[in-house]
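One-letter residues, chain by chain:
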Amino acid sequence: MAHAVKEFSKGIVKENPVFRLMLGLCPALATSTSATDAIGMGLSMTFVLVSSNIVISLIRNFIPDKIRIPAFIVVIASFVTIVDLVLKGFMYDLHKSLGLFIPLIVVNCIILGRAEAFASKNGLFLSILDGLGMGLGFTLALLSLGIVRELLGSGSLFKADLLGPAYPKVIIFILPPGAFITIGLIMGLLNKLENKGGK
Amino acid sequence: MNMKDNSSLLYMVLVLSLLTLVSAAGLSYINELVKEPIARSEKLERTRALKAVLPAFDNDPLEDKQEIDLQGRTVVVYPGRKQGKLVGLAFDLSTKQGYGGEIVLLAGFLPDGTVNGYYVLASSETPGLGDRMKEDGFKQQFHGWDLLKNPDFKVVKDGGKIQALTAATITSRAVCDAFNQAHAVFGAYMKQHPPATAENNQEVQ
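The rules behind each value
Residues numbered from 1 in each chain as written. Chains lettered and ligands numbered in written order. Predicted model: local features only at pLDDT ≥ 70, side-chain atom pairs only at ≥ 80, totals over all residues. Heavy atoms only, no water. Helix = DSSP H or I, 4+ residues; strand = E, 2+ residues; numbered from the N terminus. Rg over C-alpha atoms; globule rule 2.2 N^0.38 Å. Buried < 20%, exposed > 50% of the residue type's maximum accessible area, 1.4 Å probe, protein only. Contact = heavy atoms within 4.5 Å. Areas by Shrake-Rupley, 256 points an atom, 1.4 Å probe, with all protein chains shown as cover. Lys, Arg positive; Asp, Glu negative; His and termini not counted. Charge placed at Lys NZ, Arg CZ, Asp CG, Glu CD. Pairing = 2+ DSSP bridges. Salt bridge = Lys/Arg side-chain N within 4 Å of Asp/Glu carboxyl O. Polar contact = N/O pair within 3.5 Å; in protein donor to acceptor, adjacent residues only side chain to side chain. Nonpolar A, V, L, I, M, F, W, Y, C, P; charged D, E, K, R; others polar. 1 Å grid on protein atoms, 1.4 Å probe; cavity = no way out; pocket = protein on both sides within 12 Å on 5 of 7 lines; lining within 4 Å. Points joined across faces, edges and corners; volume = space filled by probe spheres on them. Patch = residues over 30% accessible without salt bridge, like charges linked within 9 Å, V, L, I, M, F, W, Y side chains within 5 Å. Core = buried A, V, L, I, M, F, W, Y, C linked by side-chain atoms within 4.5 Å. Axes fitted to C-alpha atoms, helices over the stretch in contact; angles between N-to-C directions. Left-handed = near helix turned anticlockwise from the far one by under 90°.

Moving on, we come to the overall build of chain A. Within chain A, the secondary structure is distributed over eight helices and two strands. The linear arrangement of helices and strands in chain A, starting from the amino end, is α-α-α-α-α-α-α-β-β-α. Here the C-alpha atoms of chain A give a radius of gyration of 18 Å, agreeing with the 16 Å that 2.2 N^0.38 yields for 199 residues. Looking at chain A as a whole, 47% of its 199 residues qualify as buried. Put simply, of all contacts in chain A between residues at least 6 apart along the chain, 74% involve residues at least 24 apart. Taken as a whole, chain A presents about 9200 Å² of accessible surface, with 74% of it coming from carbon and sulfur. Here chain A contributes 17 positive and 11 negative side-chain charges, whose respective centroids are spaced 6 Å apart.

Structure representation (structure tokens):
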């Protein structure tokens, strides 16, 4: 059981895909301009991670090693298309603001990475936990980026105006440089906290 | 049973074909399932847009849409009518000059050629900068513009009258660029569907 807990929690803190493994930075930076978009992207990603981990773990013994990458991509692309269609049908506004980044999940290295490094070598249960942990880790990372950037850059949170019209919006936090600054600061903070705990 | 090391051509072809077959079947099933919700949300979005850019109407502009021919290109025009009388018309204007690529607007006009507003249907402008083209402050400048008298939309920097958004001149120019096609569409519509005959048709029905 301790093993299972570890597989789940590693994605959230110790091997957080964004802050620790530095994977999937492109969608992480591009869709964290607001907290709402960040959660939408994070949860879409979690769904694809868990679903593709499930399928790949189930069929892992039938896939010849030589064609495993195209096989994984077919599985991942199918789930991404499902997310894209469902979001378009039921959450039109979110789909509109995430735009191209949903189809781009297909080529996201976190998902192929988990398929290759974990789901193709482990059983169903552990693969689900791994996908869930990594997905939540990604979501939390995006959410923390999104909260900081939306608050500083637009003075709002979840599209609700918090700081009022008098607040001087620091536009740079909405732009790509602000994404890099924020991610750097959060990473530094995490490293500092970890070093303290270690001593 | 472990087939991981089986790399005979036949087996590999079989596995990939099977996988893509299952995937295609599953996706076409889901596509059928969400077809209706997608059509519904697209219609909802367009209705929202039409309400924003047309004066009060009591017909269904989506149902009454008319196609016009503009130099071989088909443009769909949504007429807004109240008690059978044309009160405004709306059509898509698009441009590829945006900072983030294509911008698609739904623009509304009164029958006398006055701009009645626009609604952004699709865009990927920078949030907080170009994206502010969706805000009233910028939109207001187009409202009440006499299209027939002044078919040219330009930002102040280019010698025009539209105040560009701060730090988003490219987006502002793109909106002007989209609006610059409006005169041709509007003129073609009035020629191909003169309001007088449109009203006569209504009476015949």
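The secondary structure content of chain B amounts to five helices and five strands. The C-alpha radius of gyration computed for chain B amounts to 23 Å, which surpasses the reference 17 Å derived for 205 residues by more than 25%, pointing to a less compact arrangement than a globule. Its C-alpha atoms give chain B principal-axis dimensions of about 80 × 50 × 30 Å. Long-range pairs, those at least 24 residues apart, make up 52% of the contacts in chain B with a sequence separation of at least 6.

A few words now on the pairing of strand S3 (residues 85-98) of chain B. Residue and element names in this part refer to chain B. As judged from the six bridges shared by strand S2 (residues 73-82) and S3, these two strands associate in the antiparallel manner. Each residue of the ladder has a partner; that of Arg 81, found in S3, is Leu 86. Two successive antiparallel strands, S2 and S3, enclose a turn made up of two residues, where Gln 83 displays a positive phi of approximately 50°. As consecutive antiparallel partners, S3 and strand S4 (residues 101-109) are separated by two residues.

Moving on to the interface of chain A and chain B. Taken together, the contacts link 29 residues of chain A with 30 residues of chain B. Joining chain A to chain B, the criterion identifies three salt bridges. Here Glu 45 of chain B ties to Lys 96 of chain A by a salt bridge, and the two come within 2.6 Å at their closest N and O atoms. Here chain A is connected to chain B by six residue pairs in polar contact (both at pLDDT 80 or more). When residues of the side of chain A that touches chain B are traced back to their parent elements, those giving at least two are helix H4 (68-90) and helix H5 (92-98) of chain A. Looking at the side of chain A that touches chain B, the element that brings in the most residues is H4 of chain A, giving 12 residues. The residue inventory of the side of chain A that touches chain B, partitioned by class, reads 17 nonpolar, six polar and six charged.

Take the layout of surface pockets next. Taken as a whole, the second largest pocket encloses approximately 370 Å³ of empty space. Lining the second largest pocket we find 19 residues, and of these Val 55 and Val 75 of chain A together with Leu 19, Val 22 and Ser 23 of chain B sit closest to its centre. Of all the secondary-structure elements, those providing two or more residues to the lining of the second largest pocket are helix H3 (35-59) and H4 of chain A together with helix H1 (9-53) of chain B. Here the lining of the second largest pocket gets 10 residues from one element, more than from any other, and that element is H1 of chain B.

A separate point is the pairing of strand S5 (residues 115-122) of chain B. All names here are of chain B. With respect to burial, S5 is a largely interior element, seven of its eight residues being buried. Note: S4 against S5, six bridges, orientation antiparallel. Directly across from Leu 106, in S5, lies its bridge partner Tyr 119. Counted along the chain from S4 to the antiparallel partner S5, the turn is five residues long, and its residue Gly 113 has a positive phi close to 95°.

Per the stated rule, a full pass over the model turns up 18 salt bridges over all chains. One salt bridge in this structure joins Arg 48 of chain B and Glu 45 of chain B, with 3.7 Å as the shortest N-O distance. A residue pair is termed a helical-turn pair when its members lie 3 or 4 positions apart in one helix, as Arg 48 of chain B and Glu 45 of chain B do in helix H1 at three residues. Classification of Arg 48 of chain B as partly exposed rests on a relative accessible area of 40%. Each of Glu 7, Lys 10, Arg 114 and Asp 130 of chain A takes part in one network of salt bridges that share partners.

Next up on the list: a nonpolar patch on the surface. On the surface, a nonpolar cluster with roughly 400 Å² of combined accessible area is contributed by Leu 152, Val 170, Ile 172, Ile 181 and Leu 185 of chain A. Here Ile 172 of chain A shows up in the loop between strand S2 (160-161) and helix H8 (176-198).

Now for the environment of His 183 of chain B. Residues and elements named next belong to chain B. Tracing the backbone shows His 183 in helix H4 (residues 182-192). Under the relative-accessibility criterion, His 183 is labelled partly exposed at 32%. Leaving out residues up to four positions away in the same chain, His 183 has contacts with Leu 147, Leu 148 and Pro 151.

Our focus in this paragraph is the nonpolar core. Membership of the largest hydrophobic core comes to 49 residues, with the highest contact counts inside it found for Val 48, Ile 105 and Phe 138 of chain A. Mapped by element, the contributors of at least two residues to this core are helix H2 (25-30), H3, H4, H5, helix H6 (109-119), helix H7 (124-154) and H8 of chain A together with H1 of chain B. Residue contributions to this core peak at 11 residues, all from H4 of chain A. In this structure Ile 105 of chain A touches Met 41, Ser 44, Met 45, Val 48, Val 80 and Ile 111 of chain A, once residues within four positions along its chain are discounted. Membership of the second largest hydrophobic core comes to 38 residues, among which are Ile 68, Phe 142, Ala 188 and Met 190 of chain B.

Here we take up the packing of H3 of chain A against H4 of chain A. Residues and elements named next belong to chain A. Where H3 contacts H4, the axes come no closer than 9 Å and their chain directions differ by 145°. Between H3 and H4 the crossing geometry is right-handed. From H3, Ser 44, Phe 47, Val 48, Ser 51, Ser 52, Val 55, Ile 56 and Ile 59 reach across to H4, where they touch Phe 72, Val 75, Ile 76, Phe 79, Val 80, Val 83 and Leu 87. Residue composition of the contact of H3 with H4, grouped by class: 12 nonpolar, three polar and no charged.

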